[in-house]
Amino acid sequence: DISFLEEYVPLPTQAIDLPLNDNAAEVVNFGFDYNWFGQTFTKVCLSSNGQINMGEACDTTNMMEPIGTYHGKRIAFVRQDLIPQLSGTVKYLLKKSPASLQVSFEDVKFYDWNVPGGIGNVQAQVELFANGDIIFCYGGDGFTGSPFNYFAAGVEDHSCHVAYPIPDSPFNEDGITSI
């Protein structure tokens with residue numbers, strides 16, 4: 001019987017919902033070793049504001065910092081003040097082959113203190129593979145007219161002083177985009 005071995009323990013076949021409140025974070029265990037700039041992590045901290053921090057260091061601040069401010073060991077995929085408890089879903093799925101963690105923000109609202117129910121709908125997904133590869137995917141409803149309708153995206157690590165914003169249209173050289 002080999003079912004007790006880690007590589008044979010079944011993973012959930014459906015994504016797990018994370019009921020994140022405003023400016024909240026949750027530690028997620030990969031179940032595999034994740035290569036981050038030569039370091040190995042088995043856990044990440046997923047923020048309700050669209051950021052993943054390596055390890056268990058949770059950043060729950062709601063300010064948006066451009067990639068390159070060296071704010072930590074982070075993957076910003078929709079780094080902005082979001083309010084998932086008002087609408088939408090934050091979920092994750094662990095996969096075995098190839099080993100990866102997939103995080104999705106579906107119909108999550110941006111916070112705007114002028115609009116109690118939030119604005120826009122964020123559709124974003126990031127997938128982290130054990131070998132260090134990262135895939136970003138985006139969608140949205142194309143809303144305009146608010147000073148809060150931008151976000152930062154990219155990867156950075158303060159300890160080795162590297163920053164990789166997503167510098168392609170519609171992102172600028174700091175990894176900031178206007179939606």
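Residues numbered from 1 in each chain as written. Predicted model: local features only at pLDDT ≥ 70, side-chain atom pairs only at ≥ 80, totals over all residues. Heavy atoms only, no water.

A. Broad picture of the overall build of the chain. Broken down by element type, the chain carries zero helices and 13 strands. Expressed as a percentage of its 179 residues, the buried residues of the chain come to 44%. Long-range pairs, those at least 24 residues apart, make up 57% of the contacts in the chain with a sequence separation of at least 6. (Helix = DSSP H or I, 4+ residues; strand = E, 2+ residues; numbered from the N terminus. Buried < 20%, exposed > 50% of the residue type's maximum accessible area, 1.4 Å probe, protein only. Contact = heavy atoms within 4.5 Å.)

B. Quick peek at the packing of aromatic side chains. Summed over the entire model, instances satisfying the criterion amount to seven aromatic pairs. Between the aromatic rings of Phe-30 and Tyr-34, the centroid separation amounts to 5.2 Å while the plane-to-plane angle is 35°, which identifies the pairing as tilted. Tyr-34 shares its class with Phe-30; the two are buried. Summarising the aromatic geometry, the rings of Trp-36 and Phe-37 are spaced 4.9 Å apart at their centres and angled 90° between planes, so their arrangement reads as edge-to-face. Here the aromatic cluster, defined as three or more aromatic residues joined through ring pairs, consists of Phe-30, Phe-32, Tyr-34, Trp-36, Phe-37 and Tyr-164. (Phe/Tyr/Trp six-rings, centres within 6.5 Å; stacked < 30°, edge-to-face > 60°.)

C. Region of the structure containing the side chain of Asn-49. With respect to the element layout, Asn-49 can be found in the loop between strand E3 (39-47) and strand E4 (51-54). Of the polar contacts made by the side chain of Asn-49, one reaches the side chain of Asn-23; its length is 2.9 Å. (Polar contact = N/O pair within 3.5 Å; in protein donor to acceptor, adjacent residues only side chain to side chain.)

D. Local environment of the nonpolar core. By size, the foremost hydrophobic cluster in this structure holds 35 residues, and its most contacted members are Ile-52, Met-54, Ile-75, Phe-77, Val-103 and Phe-105. Elements with a contribution of two residues or more to this core: strand E2 (25-36), E3, E4, strand E5 (74-79), strand E7 (89-96), strand E8 (99-112), strand E9 (115-129) and strand E11 (150-157). Ile-75 has contacts with Tyr-34, Trp-36, Gly-50, Gln-51, Ile-52, Met-54, Val-126, Leu-128, Ile-134, Phe-136, Gly-154 and Val-155, leaving out every residue within four places of it along the chain. (Core = buried A, V, L, I, M, F, W, Y, C linked by side-chain atoms within 4.5 Å.)

E. Summary view of the pattern of salt bridges. Following the criterion strictly, the structure yields four salt bridges and no others. Note that Asp-157 and Lys-73 form a salt bridge whose closest N and O atoms lie 3.4 Å from each other. Here Asp-157 is found in strand E11, whereas its partner Lys-73 is found in the loop between E4 and E5, with 84 residues between them in sequence. Pair check on accessibility: Asp-157 and Lys-73 agree, each one buried. (Salt bridge = Lys/Arg side-chain N within 4 Å of Asp/Glu carboxyl O.)

F. View of the pairing of E8. Within E8, 10 of the 14 residues are buried, leaving the element largely enclosed by the surrounding structure. Pairing geometry for strand E6 (residues 82-83) and E8, over two bridges, is antiparallel. Considered in E8, the bridge of Leu-82 is made with Phe-110. In this structure, E7 lies alongside E8, joined through eight bridges in antiparallel fashion. Bridging from a neighbouring strand, Leu-93 pairs with Gln-102 of E8. Between the antiparallel neighbours E7 and E8 lie two residues. Following E8, the chain reverses through two residues before pairing antiparallel with E9. (Pairing = 2+ DSSP bridges.)

G. Looking closely at unusual backbone geometry. Of note in this structure, Phe-37 is not a glycine but carries a positive phi near 50°. Mapped onto the elements of the fold, Phe-37 is located in the loop between E2 and E3. The backbone of Asp-107 shows a phi angle near 60°, a positive value even though the residue is not glycine. You can see Asp-107 is positioned in strand E8. Relative accessible area serves as the criterion here: at 37%, Asp-107 is assigned to the partly exposed category.

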